[in-house]
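Results of the structural survey
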Amino acid sequence: MDGMVTAGGVPELDFDPFSRGFLEDPFPDHARLRDAGPVAWLRQYGVYAVGRHAEARAVLQDWEAFSSAAGVGLADFRREKPWRLASLVLETDPPMHGRSRRVLSRVLSAGVVNALRTRFQRDADEMVVALLARGTFDAVPDLAEAYPLRVFPDAVGMPRENRRYLLPYGNMVFNSFGPRNALFEDAVLDAARVLEWVQAQSQRENLTATGFGAEIHAAADAGELTHEEAPMVVRSLLTAGVDTTVSGLGAALFCLATHPEQFQALRADPTLARAAFEEAVRFETPVQTFFRTTTRPVELGGTTLDEERKVLVFMGAANRDPRRWKRPDDYDIRRPTAGHVGWGVGIHACVGMLLARLEGECVLTALAQRVGSIELAGEPVRRCNNIRRGLASLPLRLTPRAG
Ligand code: OVV
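These remarks concern the structure in this document. (Residues numbered from 1 in each chain as written. Predicted model: local features only at pLDDT ≥ 70, side-chain atom pairs only at ≥ 80, totals over all residues. Heavy atoms only, no water.)

**Observations regarding the overall build of the chain**
Helix and strand content of the chain: 17 helices and 13 strands. Computed over the C-alpha atoms, the radius of gyration of the chain is 21 Å, within 12% of the 22 Å expected from 2.2 N^0.38 for a compact globule of 403 residues. Principal-axis analysis of the C-alpha atoms places the extent of the chain at approximately 65 × 50 × 35 Å. Relative to its 403 residues, the chain shows a buried fraction of 58%. Of the contacts formed within the chain by residues at least 6 apart in sequence, a portion of 72% connects residues at least 24 apart. Of the roughly 16,200 Å² of accessible surface on the chain, a fraction of 54% belongs to carbon and sulfur atoms. (Helix = DSSP H or I, 4+ residues; strand = E, 2+ residues; numbered from the N terminus. Rg over C-alpha atoms; globule rule 2.2 N^0.38 Å. Buried < 20%, exposed > 50% of the residue type's maximum accessible area, 1.4 Å probe, protein only. Contact = heavy atoms within 4.5 Å. Areas by Shrake-Rupley, 256 points an atom, 1.4 Å probe, with all protein chains shown as cover.)

Right, dumping it as structure tokens:
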């Protein structure tokens with residue numbers, strides 16, 4: 001029952017953050033979590049929970065007390081075997097984390113990403129022109145999925161065939177960070193085949209001679225990674241690089257369709273495209289939660305957490321914490337979004353965020369320049385996932401910009 005406290009004085013809560021009801025509408029429980037205190041205890045899972053912005057940030061910043069090496073899902077790798085080989089970047093601490101992170105940071109650095117802009121913008125323009133000709137379409141498959149599935153695997157150096165498998169694969173991995181509920185079990189039904197496919201895609205001989213994949217393998221030639229580690233680091237790109245941006249683009253399209261005055265502000269000043277995407281990442285927070293594991297008794301928000309416990313960080317709740325944000329539940333493309341935790345923060349903050357932002361900026365720029373209005377043409381349908389917030393369907397109607 002809500003209202004109880006643990007022996008350590010932490011308020012106990014009973015909601016299930018991995019239930020369909022919660023995932024459809026997490027906002028009332030987010031408010032309960034934040035209002036219960038700086039830290040709460042989720043009785044159903046026996047984990048700490050953090051929903052306020054200040055403490056979410058504090059946990060994510062302190063990798064020594066709040067480790068990732070025991071897994072960033074509910075499963076504790078010190079007690080159970082990971083369902084897939086642990087990631088060399090997401091599910092590691094320093095010093096191992098630094099080895100793979102350094103390579104990915106360089107492969108996805110500002111200079112590299114900026115050099116892709118012309119191509120990414122041209123692809124976005126082409127897609128928006130074709131969708132305008134159709135008028136009404138489903139913006140999830142036809143834009144939020146189609147665009148990243150074109151530009152990202154091209155940049156990695158993947159072949160054209162079967163890239164759509166990256167979507168169920170991403171859905172599978174994100175569900176697997178939750179408990180073994182129906183979402184988890186349904187997502188991993190096809191796991192053996194999909195994991196084998198992803199592993200094959202990560203091998204040097206299956207990647208083009210230029211691209212992010214080739215550069216990661218070249219880092220092994222240079223001695224920065226072993227030749228066994230290189231395909232695993234490519235796997236991280238394939239895992240984290242597509243269905244996250246699908247959620248982010250879907251979020252931005254949903255926000256603009258449901259806030260027409262914000263779309264008109266974007267049309268009036270297309271240079272707001274990047275800010276409009278960033279605000280959608282705050283507002284919807286595609287990656288809603290990740291776990292950490294305490295390595296020692298650690299003080300947080302005035303209480304001491306036990307060691308060797310999982311801590312569930314609610315980035316989505318932190319991004320709408322009224323202690324931190326004015327009108328947190330308004331989608332406002334002019335608001336200062338700096339400090340939101342939608343990309344994480346600290347050493348594990350999204351290493352691909354410049355690429356994700358470029359994708360968002362290019363799509364929203366194309367819409368701002370060519371589209372007069374965006375309306376819902378039907379009910380959006382959510383795609384429930386234990387960790388990632390996103391849509392399965394978003395029927396939209398676009399009208400061309402006059403003149
Ligand atoms: C889902 C996800 C996010 C970030 C990194 C990875 C996976 C990984 O496999 O490294």
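Now that the structure is up, let's keep going.
**Considerations on the site of the ligand**
Around the ligand lies a shell formed by R84, S87, V89, L90, F174, F177, S236, T239 and A240. Here S87 contributes a side-chain N or O atom positioned 2.6 Å from an oxygen atom of the ligand. S236 places a polar side-chain atom, nitrogen or oxygen, 2.5 Å from an oxygen atom of the ligand. When the ligand is considered free in solution it has 290 Å² of accessible area, and contact with the protein chains removes 89% of it. Among the elements that take part in the shell around the ligand, helix α12 (residues 229-240) stands out by supplying 3 residues, more than any other. A per-class count over the shell around the ligand returns 5 nonpolar, 3 polar and 1 charged. (Near = heavy atom within 4 Å. Polar contact = N/O pair within 3.5 Å; in protein donor to acceptor, adjacent residues only side chain to side chain. Nonpolar A, V, L, I, M, F, W, Y, C, P; charged D, E, K, R; others polar.)

**Quick word on helix α7 (residues 139-156)**
A rise of 1.5 Å per residue sets the reference length of α7, with its 18 residues, at 26 Å; its end C-alpha atoms lie 24 Å apart and thus fit the reference within 8%. Bending of α7 peaks at approximately 35° at the position of A146, with proline P148 no more than four residues after it. With respect to burial, α7 is a largely interior element, 13 of its 18 residues being buried. Between a side-chain oxygen at the N-terminus of α7 and the backbone nitrogen of V140 the separation is 3.0 Å; the capping residue is D138. One or two residues past the end of α7 sits G157, with phi positive at roughly 100°. (Expected span 1.5 Å × (residues − 1). Bend = angle between axes of the 7 residues up to and from the residue.)

**Concerning unusual backbone geometry**
Geometrically, the link from P94 to P95 is a cis peptide bond, its omega value of 5° lying close to zero. For P95, the position within the fold is in the loop between β4 (66-67) and α4 (96-107). The phi torsion at N162 lies on the positive side, around 70°, for a residue other than glycine. Considering the arrangement of structural elements, one finds N162 in the loop between α7 and α8 (166-175). Since its relative accessible area comes to 38%, N162 is described here as partly exposed.

**Here's the deal with the nonpolar core**
Membership of the largest hydrophobic core comes to 128 residues, with the highest contact counts inside it found for Y147, F212, I216 and L367. In terms of residues, this core owes the most to one element, α7, which gives 10 residues. Those residues in contact with L367 that sit more than four places away from it in its chain are V128, L253, F263, I374 and L398. (Core = buried A, V, L, I, M, F, W, Y, C linked by side-chain atoms within 4.5 Å.)

**Describing the packing of aromatic side chains**
Under the criterion given, the structure shown has 11 aromatic pairs. For the pair F15 and F22, a centre-to-centre distance of 5.5 Å together with 20° between the ring planes defines the contact as stacked. Ring geometry for W41 against Y48: centres 5.0 Å apart, planes inclined by 75°, an arrangement best described as edge-to-face. For the pair W41 and Y48, a shared accessibility class is recorded, and that class is buried. Three or more aromatic residues joined by ring pairs form one cluster here, namely F15, F22 and F314. Over the ring of F283 we find R320, and its NZ or CZ is 3.9 Å from the ring centre. (Phe/Tyr/Trp six-rings, centres within 6.5 Å; stacked < 30°, edge-to-face > 60°. Lys NZ or Arg CZ within 6 Å of the ring centre and 35° of its normal.)

**A closer look at the packing of α7 against helix α11 (residues 212-221)**
Between two packed helices, what matters for the description is the angle formed by their axes and the separation of those axes. Two numbers describe how α7 lies on α11: the axes approach to 5 Å, and their chain directions differ by 30°. The pairing of α7 with α11 is recorded here as roughly parallel in orientation. Across the interface between the two elements, F152, A155 and V156 from α7 touch F212, G213 and A214 from α11. Here the residues of the contact of α7 with α11 sort into 5 nonpolar, 1 polar and no charged. (Axes fitted to C-alpha atoms, helices over the stretch in contact; angles between N-to-C directions. Parallel < 35°, antiparallel > 145°, perpendicular 65-115°, else oblique.)

**Here we look at the state of the cysteines**
Evaluated as defined, the whole model comprises 0 disulfides. Summary of cysteine pairing: C362 is not part of a disulfide, and the nearest cysteine sulfur, belonging to C350, is at 16 Å. Under the relative-accessibility criterion, C362 is labelled buried at 0%. (Disulfide = S-S within 2.5 Å.)

**Considerations on the sheet that holds strand β9 (residues 310-314)**
Reading across the sheet, the 6 strands line up as β1-β2-β3-β9-β6-β4 and stay open at both edges, with mixed pairing between neighbours. Each of the sheet's edge strands pairs with one partner strand only, and the pair in question is β1 (12-13) and β4. By the bridge criterion, 3 bridges tie strand β3 (residues 47-50) to β9 in an arrangement that is parallel. Paired with V50 across the strands is V313, a residue of β9. (Pairing = 2+ DSSP bridges.)

**A closer look at the side chain of Q121**
The residue Q121 is located in helix α6 (residues 117-134) in this model. Reaching out from Q121, the side chain makes a polar contact with the backbone oxygen of C362 at a distance of 3.1 Å. Other than its neighbours up to four places away in sequence, Q121 contacts Y147, C362, T365 and A366.

**Concerning the pattern of salt bridges**
Tallying each qualifying case throughout the model produces 31 salt bridges. Here R43 makes a salt bridge to E12, at a shortest N to O gap of 2.5 Å. A residue pair is termed long-range when its members are at least 10 positions apart, and R43 in the loop between β2 (40-42) and β3 and E12 in strand β1 qualify at 31 residues. Residue E12 is classed as buried on the basis of its relative accessible area, which comes to 12%. Close ionic contact of E284 with R389 constitutes a salt bridge, the shortest N to O distance being 2.7 Å. Of this pair, E284 sits in helix α15 (residues 273-284) while R389 sits in the loop between β11 (381-383) and β12 (390-393), placing them 105 residues apart in sequence. (Salt bridge = Lys/Arg side-chain N within 4 Å of Asp/Glu carboxyl O.)

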